[in-house]
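Single-letter residue listing:
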Amino acid sequence: MAEAADIQGTGPSPARRWLRRTITVAFGAPLLAGLLQAPATAAPAPAAAAAAEDAAVSKTVDVSLDTLAPSAPVEGDTVTLTGTVTNRGKKAVTDATVDLRVGPQMTSRSEIEQVAGRTSYRPYSDPAPLEDAPEVKIPRLNPGLSADFSFSVPVSDLGFDEAGVYQLGVSLSGQTSDHRYDRVLGIERTFVPYQPEATEKRTQLTYLWPLISSAHVSAETATDDQQTPVFEDDALAAELKPGGRLDELVSLGKDLPVTWVVDPDLLASVDAMANGYRVKDGTLHVPGKHQALAERWLDSLEKAVQGHKVVALPFADPDLASLAHRGKDVPGSLGHLQSATALAGTTVETILHVQPATDFAWPVDGAVDPSIVAVATSAGADKVIARSDSVRDDLPYTPTAARPFSNGTTAVVSDALLSTAFDGDMVRTENSTLAVQEFLAQSLAITLEQPEDQRSVVVAPQRVPTVAQAQTMATALRGLSAKRWSQPSDLLAAAAAKPDPDASTAVPAGSRYPKKLRDRELPVQAFRDMKTTRDELDDFKVILTAQYRVVPPFTNAINREMSTSWRGQARAAALYRINVLEYLQTLTEGVQLVDKSDLTLSGRSATIPVTVQNKLLQDVHLVLRLTSGSKNRLNLSGERYKELPVKISGGHSQSVKFSASANVNGQVPMTAQLYTEDGTPYGQPMTFTVKVSEITATVMLVIAGGVLLLVLAGVRMYSQRKRVAARNAEAEAEAAEAEADTAPEEPQPESGAAREAEPGADTPRDPEAASEEPDTDEPEQPSDPTPDTGPESGDPSGTGEKVDR
């Protein structure tokens, strides 16, 4: 491992050395050209070839600059740099030296950007190694191996003459087996902002701190009274746990001067977790296990935002560009944005107990055009967060962020270079360190562009920063904590700042919208799917007695369907929309007509029953219409159709009866259809057939006569049988009396008295009755009906339903 060398005094400042070399070249070049006039014309080609070779060779060793502290030094500080050199070549590097190179002061923001983009050594532009500065010796570095280095240099030895941004490079020079002389084999550059005293006019810097995630909650809820929400997955818990992305954003943001930009859907989702939730597991819903985690995160966030400005985006962070370019022409799409905006403020205030600003719109990457601005402001937002690579200013300095657009909207134009400073992979320490230094350098350069004018600058970073990106952002903001060239502000103040009169106020044309962003927008079909879901929900909710159990979950789900988080996830977005619509259709099909078989109607009138089933957990109210296919053959209360109101309790069925009148025999097709109370058809119609078999008046008379004859025959048979029974009884009495007269007299008991005769016992019989003899075999009259027509048939009466009479 290499060790840092001792510092050996100080020499001329880097700026002076750079100026000395420049003057030497300026005055020596004409003399050299005069002496070597002939070969001068041929010199550029070898020089260019040599420069190209040097550039290629300078990538042999990778120089990684891992730390630089302090990031914004002042007089009296000691700057410490640490890093690693790695041999990426195929040959060993020998006699290597790691040097510091301090360049002159950067004169513009564009120069900083150009230097940051260089990856190879440039002998005619890169500064020479710092004289009398420490260096690190590495005797040998074999292929694929690494060695660490460290420097500690007082600021006074770096030669910073005045306030400004300075280039600081670390290079490795050495030899290889095919080149036995020192050459620069690797270099890394960064920047040091040097502002030892506070400037008179400090830049007002607003940094947005986004709390945004993807959609996790489905449209489904449990059947309990609390309507426990059902999550598509439990991935949100990974972001909330200690060290997770959302947890880190809250932990870092609470101590930073930032404006919180919050998606209300995220708050609502975590709040739902905290109050108990379920998670889809195949076809089942299992209880969620991270209720305490959600409660802890919400409590931390509520404390973190106190004293800060909070901006609430529309619910679920809708993709404004997709809506403007793909969905605006689909009816009802703008209504989704309006409902999402209306829900934003109440959600944030209810959960965080702070009053958020809801009049800001934030298109993806701050890219705007006339249609995006029109859509963004259609829901009530009058401020649009744009970006300077979309709204371009042809100015030699950075203007104040706020400016009025020509349509009356206030544009808050964030700075593109500062806003994209942490977009890359910040997991690597080197990338993080370089990003922080460039961010600080650019912020100081803004102030030094016009030190006599105070300006307001806004930074709108990536919507969903990773943990490493958030940590790097926090490091950069801490680097500004001394407030020597900037001071923190908030988004509301930035929007109200006095605009720069020379800044652009024109909305960029649609043709300038970036193709890479347009290609990732939601398709038109997405908005058509949303319309289908909304239309079916509108038809469904009017039949419900407890709309609050259905409408909010589906409205929120539709808002989530147009979330910006679906960019780059076309398949997942389509699946989410399908699941929402299919679940709604499952609920709507829970109220339906029960299929009927064909009926047979015998007679002039009857009632036809139609059954409606309600599988929902709440009562519903509809109108049932039954329509006859032939009014002349079969009518309903004298009309072709009849409507009856229906109210069915949850989990029950109800049979609705219609009065029908038949006129002519034959088959009549019937159609039953449910309607909402406003006359909109609900569900699919149900058809069946009624077979009319009319019974005429003559047939009825014949039947009535037959019934009368049967009754009379029964009466006659009963009378005859009664007379026969009476005659038999009289004959038995006479026979008994005759037998008593001829029998010997029985002795009377001693104490008994003579038995009294019964009254009438001696009364002579009726002569007519006495002359009649019992005759049980007397034949019946020919007109008497047959007493029994046989047992009733047990066979079915035929296909079809029995009709209530």
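Source: prediction; values computed, not measured. (Residues numbered from 1 in each chain as written. Predicted model: local features only at pLDDT ≥ 70, side-chain atom pairs only at ≥ 80, totals over all residues. Heavy atoms only, no water.)

J.: Got a minute to help me understand the sheet that holds strand S5 (residues 146-154) in this structure?
T.: Pairing between sheet strands relies on hydrogen bonds along the backbone, with the strands arranged either parallel or antiparallel. One open sheet holds the three strands; their spatial order is S1-S2-S5, and the pairing between them is antiparallel. The open sheet has two edge strands, strand S1 (61-69) and S5, and neither has a second partner. The mean inter-strand angle of the sheet, taken between neighbouring strand axes irrespective of direction, is 20 degrees. In the sheet, S1 pairs with strand S2 (residues 78-87) via eight bridges, with the strands oriented antiparallel. Among the inter-strand pairings, Leu68 is bridged to a residue of S2, identified as Leu81. (Pairing = 2+ DSSP bridges. Helix = DSSP H or I, 4+ residues; strand = E, 2+ residues; numbered from the N terminus. Axes fitted to C-alpha atoms, helices over the stretch in contact; angles between N-to-C directions.)

J.: Before we go on, may I ask you to explain the side chain of Arg183 in this structure?
T.: By the element assignment, Arg183 lies in strand S7 (residues 179-194). Within the structure, Arg183 has its side chain in polar contact with the side chain of His179 (distance 3.1 Å). (Polar contact = N/O pair within 3.5 Å; in protein donor to acceptor, adjacent residues only side chain to side chain.)

J.: Mind showing me how you'd approach the packing of aromatic side chains here?
T.: What describes a pair of aromatic rings is the distance from one ring centre to the other and the angle between the planes of the rings. In the structure shown here, the tally under the stated rule is nine aromatic pairs. Measuring from ring centre to ring centre gives 5.4 Å for Phe422 and Phe439, while their planes differ by 40 degrees; the resulting arrangement is tilted. Separated by 17 residues along the polypeptide, Phe422 in the loop between helix H12 (416-419) and helix H13 (429-449) and Phe439 in helix H13 bring together distant segments of the chain. With respect to class, Phe422 is no different from Phe439; both count as buried. Joined through ring pairs, the aromatic side chains of Tyr207, Trp209, Phe422 and Phe439 make up one cluster. The side chain of Arg463 reaches across the aromatic face of Trp362, ending 4.4 Å from its centre. Directly above the ring of Tyr675 sits Arg625, whose terminal nitrogen or CZ lies 4.5 Å from the centroid. (Phe/Tyr/Trp six-rings, centres within 6.5 Å; stacked < 30°, edge-to-face > 60°. Buried < 20%, exposed > 50% of the residue type's maximum accessible area, 1.4 Å probe, protein only. Lys NZ or Arg CZ within 6 Å of the ring centre and 35° of its normal.)

J.: Teacher, can you tell me more about H13 here?
T.: Helical geometry note: an α-helix holds 3.6 residues per turn, so side chains three or four residues apart project in the same direction. An ideal rise of 1.5 Å per residue puts 30 Å on 21 residues; H13 measures up with 30 Å between its terminal C-alpha atoms. Most of H13 sits out of view: 16 of its 21 residues are buried. (Expected span 1.5 Å × (residues − 1).)

Such coordinate-based values are descriptive only and should not be taken to indicate function.
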